[in-house]
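Chain by chain, the residues run as shown.
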Amino acid sequence: MLDMTCHRCGSNNIHVVEDAMDWDEVTCRECGEFLTTYGAAMALMQPVPLADACIKTQQLARCMGISLAG
Ligand SMILES: [Zn+2]
């Protein structure tokens, strides 16, 4: 359903709940890693410049160990 790869273990076995909403979690079935939210995943598949920039900023912040969500 989602064409994604786990950034932790490299698995394509991605889990998302049925009838997922934007805020539902997308996780890896193999290692349980939280990958993104459904809304963010959809935005990645159909890139919108502003949303894309927001996601990249979140990912960058996460890499740097900063939590934007608090
Ligand atoms: Zn994984």
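For the structure, check the block above.
Quantities reported herein were computed from a predicted structural model and do not represent experimental measurements.

Calculation criteria
Residues numbered from 1 in each chain as written. Predicted model: local features only at pLDDT ≥ 70, side-chain atom pairs only at ≥ 80, totals over all residues. Helix = DSSP H or I, 4+ residues; strand = E, 2+ residues; numbered from the N terminus. Buried ≥ 20, exposed ≤ 12 C-beta atoms within 10 Å, placed from the backbone. Contact = placed C-beta atoms within 7 Å. Pairing = 2+ DSSP bridges. Axes fitted to C-alpha atoms, helices over the stretch in contact; angles between N-to-C directions.

### As for the overall build of the protein chain
- Within the protein chain one finds two helices and three strands.
- Burial analysis of the protein chain (70 residues in total) assigns 7% to the buried set.
- For the protein chain, restricting intrachain contacts to residue pairs at least 6 apart in sequence, the fraction spanning at least 24 positions comes to 16%.

### Focus on unusual backbone geometry
- Of note in this structure, Asp 19 is not a glycine but carries a positive phi near 55 degrees.
- Mapping Asp 19 onto the fold places it in the loop between strand 1 (14-15) and strand 2 (25-28).

### Some remarks on the sheet that holds strand 3 (residues 34-37)
- One open sheet accounts for three strands, arranged 1-2-3; its pairing is antiparallel. Strands at the two margins of the open sheet, each flanked by one partner only, are strand 1 and strand 3.
- Judged from the three bridges that link them, strand 2 and strand 3 form a sheet pairing that is antiparallel. Bridge assignment links Glu 25 to a residue of strand 3, and that residue is Thr 37.
- Across the sheet, helix 1 (residues 38-45) lies against strand 2 and strand 3, angled at about 75 degrees from strand 3, the strand it touches most.

### Things to note about the environment of Trp 23
- Considering the arrangement of structural elements, one finds Trp 23 in the loop between strand 1 and strand 2.
- A sequence separation of 17 residues divides Trp 23 from Ala 40, and the C-alpha atoms of the two residues are 8.4 Å apart.

### Regarding the environment of Asp 3
- If you trace the backbone, Asp 3 turns up in the segment before strand 1.
- Residue classification places Asp 3 among the exposed positions, given that 9 C-beta atoms sit within 10 Å.
- Residues Asp 3 and Met 45, 42 residues apart in the sequence, show an inter-C-alpha distance of 8.3 Å.

### What to know about the pairing of strand 2
- Residues of strand 2 alternate between two faces, with Val 26 and Cys 28 buried on one and Glu 25 and Thr 27 left unburied on the opposite face.
- Strand direction decides the pairing type here: strand 1 and strand 2, joined by two bridges, are antiparallel. Its bridge partner being in strand 2, Ile 14 is matched across the sheet by Cys 28.

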